[in-house]
Amino acid sequence: QVQLVESGGGLVQAGGSVRLSCAASGRTFSPYIMGWFRQAPGKEREFVAVISGSGGFTYYADSVKGRFTISRDNAKNTGYLQMNSLKPEDTAVYYCAARYGSTWSTSRSQYAYWGQGTQVTVSS
């Protein structure tokens, strides 16, 4: 079992930046693919970004490409999502998720472990 706890959300103005953290505990983090998802009010949870266990591979949703950066520090058992040039449409609850193994996925059904989420609100 892997436990995930997100932090770093809050209120930010459009054009600003926020860095989210995802602290993992319970197991060594490096064998797990890590993904970030988000859910806006009234919408389904959607994929944002994913990173391989080693950190050598990343993939982003088109809506955040060039603005968000996913990373991880396995020595600290922590993942990150750096969000720049934020837009009001980025407002959502952001969740980190983990999937054991080397096959990455953009589908939320493929992730067994989830954090509780952290709210990011971007004001215009």
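Undergrad: Would you mind showing me how to read the overall build of the protein chain here?
TA: Scanning the protein chain for helices and strands turns up zero helices and 11 strands. Rg of the C-alpha trace for the protein chain: 13 Å, near the compact-globule value of 14 Å for 124 residues, within the 12% margin. Projecting the C-alpha coordinates of the protein chain onto the three principal axes gives extents of approximately 40 × 25 × 25 Å. Contacts in the protein chain between residues at least 24 apart in sequence constitute 59% of all its contacts with a sequence separation of at least 6. Carbon and sulfur atoms form 46% of the exposed surface of the protein chain, whose accessible area is close to 6100 Å².

Undergrad: For this particular structure, what's the right way to read the pattern of salt bridges?
TA: Should the charged atoms of two oppositely charged side chains come close, the side chains can pair. Under the counting rule described, the total for this entry stands at five salt bridges. Between Glu 46 and Arg 38 there is a salt bridge whose closest N-O contact spans 2.7 Å. When the shortest N-O distance is used, the salt bridge between Glu 44 and Arg 108 registers 3.7 Å. Taken as a pair, Glu 44 in the loop between β4 (32-39) and β5 (46-51) and Arg 108 in the loop between β9 (92-100) and β10 (113-114) lie far apart in primary sequence, 64 residues in all. Assessed through its relative accessible area of 61%, Glu 44 is described here as exposed.

Conventions adopted
- Residues numbered from 1 in each chain as written.
- Predicted model: local features only at pLDDT ≥ 70, side-chain atom pairs only at ≥ 80, totals over all residues.
- Heavy atoms only, no water.
- Helix = DSSP H or I, 4+ residues; strand = E, 2+ residues; numbered from the N terminus.
- Rg over C-alpha atoms; globule rule 2.2 N^0.38 Å.
- Contact = heavy atoms within 4.5 Å.
- Areas by Shrake-Rupley, 256 points an atom, 1.4 Å probe, with all protein chains shown as cover.
- Salt bridge = Lys/Arg side-chain N within 4 Å of Asp/Glu carboxyl O.
- Buried < 20%, exposed > 50% of the residue type's maximum accessible area, 1.4 Å probe, protein only.

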